[in-house]
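Structural features, examined
Here's the letter readout for the chains.
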Amino acid sequence: MRLSHWSLTVGLLSLLWWPCAHALNPDLRFDQLNHSSWTQKEGAPSDITSMAQTPDGWLWLGTRGGLYRFDGITFERYPLKGSRVYKLHAADNGDLLISFVPDGLMILHADGSSTQLPPLPHQLGTFRAMTLDRDGAIWAINLEGLYRYAQGRWQVMASGAEWAEATQSLVVDQYGRLWISNRQALYLHDRATDKLIRIEGEGMQGGLLQSPDGRLWINGNDDRVRLVPMPPLGQHLQRLPSFNQGSARSAGQFDRDGNLWVPLCPRGICRIARAGAQRSGALDPEHEATDRLDQSWQLSDLGTRGILEDREGNVWIFTKSGIDRFRENKLIPANMVGVAGELNAASDNAGKLWVADGQLHSIWTIGADGVAVRDPQRSGTSIATDRDGAILIAGNRYIERIYQGQSSRIVYPERDGKPADLGVVSMLDDGKVLWVISMQAGLMAWMDGRWRDRSEFNIPQRIYMLAPGGPGQMWLSNNDGSLKFLDNGKLTPYDIALVGQESGIFPGPQLVVAGDRGIAVLRDSKFVALGPIGVEALRNVSGMAVTADGDRWLNGARGLVHIRREDWDASMRQPAIPLVYELIDSQEGYPGQATLDNRQPSVYDMGGGVLWLRGSGGLVRIDTAKLRPNPVKPVAQLLRVNVDNHSYPATSPLRLPPDTRSFNIQYTAPGLRKPEGMRFQYKLDGVDRQWQDAGSRRAAYYTNVGPGHYTFSVRAVNEDGLAGTAVAALQLEIAPTVVQTWWFQLACLLAVMLAVYGLYRYRLSKATAAIARQLEVRMDERVRIARTLHDTFLQSVQALILRVYTVLTKLPEDSEPRIKLESILTQAEQAINEGRDQVQQLRSGRDLQQEIEGCGNAMALLHEGVAFDLVTVGTVQPLAPPVQEELCAIAQEALSNAFRHASASKITVRLEYMRDGLLLSVADDGCGIDDAQLHRRMQGRHFGMVGMRERAKRVGAVLEVTSAPGKGTVLAMKVPGELCYAADM
């Protein structure tokens, strides 16, 4: 029951954790694979002892100088307490087991944390093989024996002299069974008894391997690889998908297609194609290898140490000097040994490609198997097909026509009655005429069984490039920005200057021309650029094919350009839309650039999706129907944040130091097949409004970023456009400097507010002082006038009264003159009293309350139905006479306006004596004033309002009027205490 559960778990892991990646095509030779090497010169570490790949895609390298990881671009030393790493093993849960020299075992977890296991008791010993069983226990072998670590302690499972061997191996198969081997024996761990069972048989010693079908193999002491007898367990399961990534094996590896890769056979590397399909017997890699690399220039070093197949199907070999990677190219070269000159080719109706070497005059044929075979019976300089699909081979004196296995000749015209030798460089059959271009005779025409002179045809004298149309039709370019369509003798010109110097003419439902500036298509009798113009990949296109699915394949300056049908149609509908394409370049095996020399098409459609391309470095083939995109979704990962000369691990949450304005964030996505094609997008929330396209760049740069909390996110897309599902995110905080903290900014704000308030108070005090000086001047003037009146006018009048009184006393009491003088003296006394009152008023002013009350009551008598009320609040204080005068005048004017214009039923005057000033308000419940009218009155069109405002200003107050139609009017003003109260004057 437990086994069934394990089998189900394995099956689920196979489906969920591992994508269906492809291995290397067994039909391809080593020289047809993409082979890359890394040594110290390319940044790889030296003295590599082991290799493993964790599920996140990192390729880990153990060296005697430390642990390194590789994302396909950069080798990075990973910091550990120990440095002399000997063996690595990657577990399915993301853990990496690391053994050290002279002893020690560490677990590096997927989250970056690590666990150091306790040492073995009473002995030293480097673990040479490690694995995890299905219960999570660690099994390890050193030269002393076999050990198991479970429940926090080591247990000796086997020991003795037989373990003191260099070859040691541990395998947990797809059923959860543990297999152990060394150069003396092979064992199977029996879970029921917790004992080792020895497996008997010939060659059952050495290193363990496993083929894709789940069978176990052992590379014996005699260097032969044999099947291990495995007890049947009912349901047959395939090999675990992660088996080849767990650890590089010195005994060899079966890749996913069953090819066996073996190191040191006897040197370098060798491969037996489809070895995993063998049902019985022993494999002898040294003598049965279908391919091998055993020359010093073929690998980073011939001292190969181990082999690993990664999750993307690449095969890695680590050597004494570096590492080598093998992967399948999308383009497969034609192996044409001895070709020296310019090639031109044509395909026949049988699916065979015919190729001519223009310099050596050799003729080759390439069949469906892609193998090039030289035809020793034929020679020629140029090859083409005619209207029937026959192959035309241009020799020195004739053109050989091969049709349905039959050969015939078209002999060149004689010169001076003698056979002529011609070097034909190009041929084209337009359906009526076979056009032949040679170095000696120029353009010739073969029609109706005889050669015709070009003067019989209406064709331009200058021809640079030509392409067929329908029967009797041909497209001709002149290398001058023009294109002409020859239709049975009629010429129609077109302008193609926008593509520059032409490199290809491709007739069809949509006529396409190409040049050194790009490509254009004919629409409504006018050529329109697709592109845009100047894109390097679309320059100098010399060949084009349209496959059955409608996709277009263009052979250009950077390699093969693939344009999906929907993308092509979108640009045809709107040429201004940039053309979306995929470039298959030198990283996929493209040789140089599309050829231009012989001005012939450089793409040959063999049908079924197979295309041959002619590049400057030779012929290559692509099977568009069998392209195997990388199915592994990239996993974006954050590495570090760099600020000035400091680097911080990109772990959340990360707090950067104060005053950090510029920084860069490094990220990656381990991809080992074609890491150069990995594309990234990133975004910093709070700075970037949308995702930023970084291309293949693996760092994001930011400047002038203020303090705060941010989230940085990055995502990746692999070379074949497959996007990763996970987004790597980093919570980032930039600490503020002292001057950037909220409390400092608040303090600055408060300081500014205090400064503004202080300035306001200062200006207010200055203004108050100025008004106070004005009032003081006015008061002094009033006192001077009062004193002058008292000392001069009143004294003079008093003296005059005394003199008149003196005269009066001398007159008889009942005399008429005396009676008149007494009346005059009485009036004079009244005048003096009034004068004294005026002098006193000049000194102390009028009583504000009395004046207001008197005025209000008087007006109330004149306006029946209008009530008047005076409200006094607070302790009445004496007022400065100038202020009294102004307030009395303002109050009287306000009362006059209210009684005459407000149509009010009640008018209330309020005097509020406060510590900081006197508030005077006049309110009515009348009809009110609208804003426009009020504004006009306040702007000077009503003298009463202007006068009140001016009087208020003279005593340091601001007159405020609030009113609304139907809601009455309130006039209010407040005079500062330091100006209005007499004690403050």
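Criteria and thresholds
- Residues numbered from 1 in each chain as written.
- Predicted model: local features only at pLDDT ≥ 70, side-chain atom pairs only at ≥ 80, totals over all residues.
- Heavy atoms only, no water.
- Helix = DSSP H or I, 4+ residues; strand = E, 2+ residues; numbered from the N terminus.
- Rg over C-alpha atoms; globule rule 2.2 N^0.38 Å.
- Buried < 20%, exposed > 50% of the residue type's maximum accessible area, 1.4 Å probe, protein only.
- Contact = heavy atoms within 4.5 Å.
- Lys, Arg positive; Asp, Glu negative; His and termini not counted.
- Charge placed at Lys NZ, Arg CZ, Asp CG, Glu CD.
- pLDDT = per-residue confidence, 0-100.
- Patch = residues over 30% accessible without salt bridge, like charges linked within 9 Å, V, L, I, M, F, W, Y side chains within 5 Å.
- Areas by Shrake-Rupley, 256 points an atom, 1.4 Å probe, with all protein chains shown as cover.
- Salt bridge = Lys/Arg side-chain N within 4 Å of Asp/Glu carboxyl O.
- Pairing = 2+ DSSP bridges.
- Polar contact = N/O pair within 3.5 Å; in protein donor to acceptor, adjacent residues only side chain to side chain.
- Axes fitted to C-alpha atoms, helices over the stretch in contact; angles between N-to-C directions.
- Phe/Tyr/Trp six-rings, centres within 6.5 Å; stacked < 30°, edge-to-face > 60°.
- Lys NZ or Arg CZ within 6 Å of the ring centre and 35° of its normal.
- Core = buried A, V, L, I, M, F, W, Y, C linked by side-chain atoms within 4.5 Å.
- Disulfide = S-S within 2.5 Å.
- Expected span 1.5 Å × (residues − 1).
- Arc of directions from axis to C-beta.
- Parallel < 35°, antiparallel > 145°, perpendicular 65-115°, else oblique.
- Left-handed = near helix turned anticlockwise from the far one by under 90°.
- Nonpolar A, V, L, I, M, F, W, Y, C, P; charged D, E, K, R; others polar.

- As annotated in an unreviewed UniProt entry, the chain is Histidine kinase domain-containing protein from Duganella levis.

1. Re the overall build of the chain
- Scanning the chain from N- to C-terminus turns up 11 helices and 69 strands.
- Scaling as 2.2 N^0.38, a compact globule of 985 residues should have a C-alpha radius of gyration of about 30 Å, whereas the chain reaches 53 Å, well beyond that.
- Per-residue burial over the chain gives 50% buried out of 985 residues.
- A separation of at least 24 residues holds for 53% of the contacts in the chain among residues at least 6 apart in sequence.
- Averaging the locations of the 105 positively and 109 negatively charged side chains of the chain gives two centres separated by 1 Å.

2. Thoughts on the confidence of the model for the chain
- Chain-level pLDDT for the chain is 88 on average; 93% of the residues reach the 70-or-more range.
- Across residues 1-18, where pLDDT falls below 50, the model places 28 contacts with residues more than four positions away in sequence or in other chains.

3. Considering unusual backbone geometry
- Cis geometry marks the peptide bond from cysteine 265 to proline 266, where omega comes out at -5°.
- Examined against the element boundaries, proline 266 turns out to sit in the loop between β22 (260-263) and β23 (269-272).
- Across the junction of serine 652 and proline 653, the peptide omega takes the value -10°, indicating a cis bond.
- With respect to the helices and strands, the residue proline 653 is situated in the loop between β57 (646-649) and β58 (654-656).
- Located in the positive-phi region is glutamine 404, a residue other than glycine, with phi close to 50°.
- In this fold, glutamine 404 is placed in the loop between β35 (398-403) and β36 (406-411).
- Taking relative accessible area as the criterion, glutamine 404 reaches 68% and is therefore assigned exposed.

4. With respect to a nonpolar patch on the surface
- Nonpolar side chains collect at one region of the surface, where Val738, Val739, Trp742, Trp743, Leu746, Leu749, Leu750 and Met753 lie side by side and expose about 860 Å² of accessible area between them.
- Looking at the element boundaries, tryptophan 743 is found in helix α5 (residues 742-809).

5. Comments concerning the sheet that holds strand β53 (residues 603-607)
- Reading across the sheet, the 4 strands line up as β28-β55-β54-β53 and stay open at both edges, with antiparallel pairing between neighbours. Sheet topology places β28 (332-333) and β53 at the edges, where each strand pairs with a single neighbour.
- Sheet analysis places β53 next to strand β54 (residues 610-615), joined by 4 bridges and oriented antiparallel. Pairing of glycine 607 across the sheet is with valine 610, part of β54.

6. Description of the side chain of aspartate 348
- With respect to the helices and strands, aspartate 348 occurs in the loop between β29 (343-347) and β30 (353-357).
- At 3.2 Å, the side chain of aspartate 348 forms a polar contact with the backbone nitrogen of glycine 351.
- Leave out the neighbours within four places in its chain, and aspartate 348 touches Trp354, Gly389 and Ile391.

7. Details of the pairing of strand β4 (residues 66-70)
- Counting buried residues in β4 gives 5 out of 5 residues, a clear majority hidden from the surface.
- Along β4, one buried face is formed by Gly66, Tyr68 and Phe70 and the opposite face, lined by Leu67 and Arg69, is buried too.
- The pairing of strand β3 (residues 59-63) with β4 spans 5 bridges and is classified as antiparallel. Within β4, the position partnered with leucine 59 by the bridge is phenylalanine 70.

8. Digging into the sheet that holds strand β38 (residues 434-438)
- Ordered in space as β37-β38-β39-β40, the 4 strands form an open sheet in which the pairing is antiparallel. What marks the edges here is a single partner per strand, and that holds for β37 (424-429) and β40 (450-452). Direction aside, the axes of adjacent strands within the sheet are offset by 25° on average.

9. Notes on the packing of aromatic side chains
- A full pass over the atoms with the stated rule returns 28 aromatic pairs.
- Grouped by ring-pair contacts, the aromatic residues Phe663, Tyr667, Phe680, Tyr682, Tyr702 and Phe712 constitute a single cluster.
- The aromatic ring of tryptophan 58 is capped on one face by arginine 69, whose charged end is 4.0 Å from the ring centroid.
- The ring of tryptophan 691 carries arginine 715 above its face, with NZ or CZ at 3.9 Å from the centroid.

10. Points about the nonpolar core
- Formed by 39 residues in total, the largest nonpolar core has its most connected members in Ile852, Leu887, Leu895, Leu918, Met973 and Val975.
- Those elements that provide at least two residues to this core are α7 (848-862), α8 (881-901), β66 (906-914), β67 (917-924), α10 (943-954), β69 (969-976) and α11 (977-980).
- With 9 residues, α8 is the largest single contributor of residues to this core.
- Dropping the residues within four chain positions of it, leucine 918 is found in contact with Leu848, Leu879, Leu887, Leu911, Glu912, Tyr913, Met973, Lys974, Val975, Cys980 and Tyr981.
- Residues Leu654, Tyr667, Tyr710 and Ala716 belong to the second largest nonpolar core, which totals 27 residues.

11. Structural notes on the pattern of salt bridges
- Applying the stated rule across the entire model yields 43 salt bridges.
- In this structure, the salt-bridge partner of aspartate 429 is arginine 387, at a minimum N-O distance of 3.0 Å. Here the residue aspartate 429 occupies a position in strand β37, and arginine 387 occupies one in the loop between β33 (382-385) and β34 (391-394), the gap between them amounting to 42 residues.
- For aspartate 429, a relative accessible area of 13% corresponds to the buried category.
- Taking relative accessible area as the criterion, arginine 387 reaches 45% and is therefore assigned partly exposed.
- When salt bridges that share partners are traced, they join Arg327, Asp585, Glu588, Arg673, Lys674 and Glu719 into one network.

12. Quick word on the state of the cysteines
- Using the criterion set out here, one finds 1 disulfide in the structure.
- Disulfide pairing is shown between cysteine 265 and cysteine 270; the S-S distance is 2.0 Å.
- By relative accessible area, which is 5% here, cysteine 265 ends up buried.
- No disulfide involves cysteine 980; its sulfur sits 13 Å from the nearest other cysteine sulfur, which is in cysteine 888.
- According to the relative accessible area criterion, cysteine 980 is buried, its value standing at 0%.

13. Section: α7
- The end-to-end C-alpha separation of α7 is 21 Å, in line with the 21 Å expected for 15 residues at 1.5 Å each.
- Listed as buried for α7 are Leu848, Ile852, Cys855, Gly856 and Met859. Angular distribution of buried residues about the axis of α7 spans 95°; they occupy a single face of the element. Exposed and oriented more than 90 degrees from the buried face of α7 are Gln850 and Leu861.

14. Side note on the packing of α7 against α8
- Between α7 and α8, the shortest axis-to-axis distance is 10 Å and the interhelical angle comes to 15°. It follows that α7 is roughly parallel to α8 by the angle criterion. The handedness of the crossing between α7 and α8 is right-handed. Of α8, the residues touching α7 (which contributes Leu848, Glu851, Ile852, Cys855, Gly856, Met859 and Ala860) are Gln884, Leu887, Cys888, Ala891, Gln892, Leu895, Ser896 and Phe899.
- For the contact of α7 with α8, the per-class residue count stands at 10 nonpolar, 4 polar and 1 charged.

15. Remarks on the environment of tryptophan 163
- Assignment of secondary structure puts tryptophan 163 in the loop between β13 (153-159) and β14 (168-172).
- Once the C-alpha coordinates of tryptophan 163 and alanine 185 are considered, the two residues, 22 residues apart in sequence, prove to be 9.4 Å apart.
- When near neighbours in sequence (up to four residues on either side) are disregarded, tryptophan 163 contacts Ile141, Asn142, Leu143, Glu144, Gly145, Leu146, Ala158, Gln168, Ile180, Asn182 and Tyr187.

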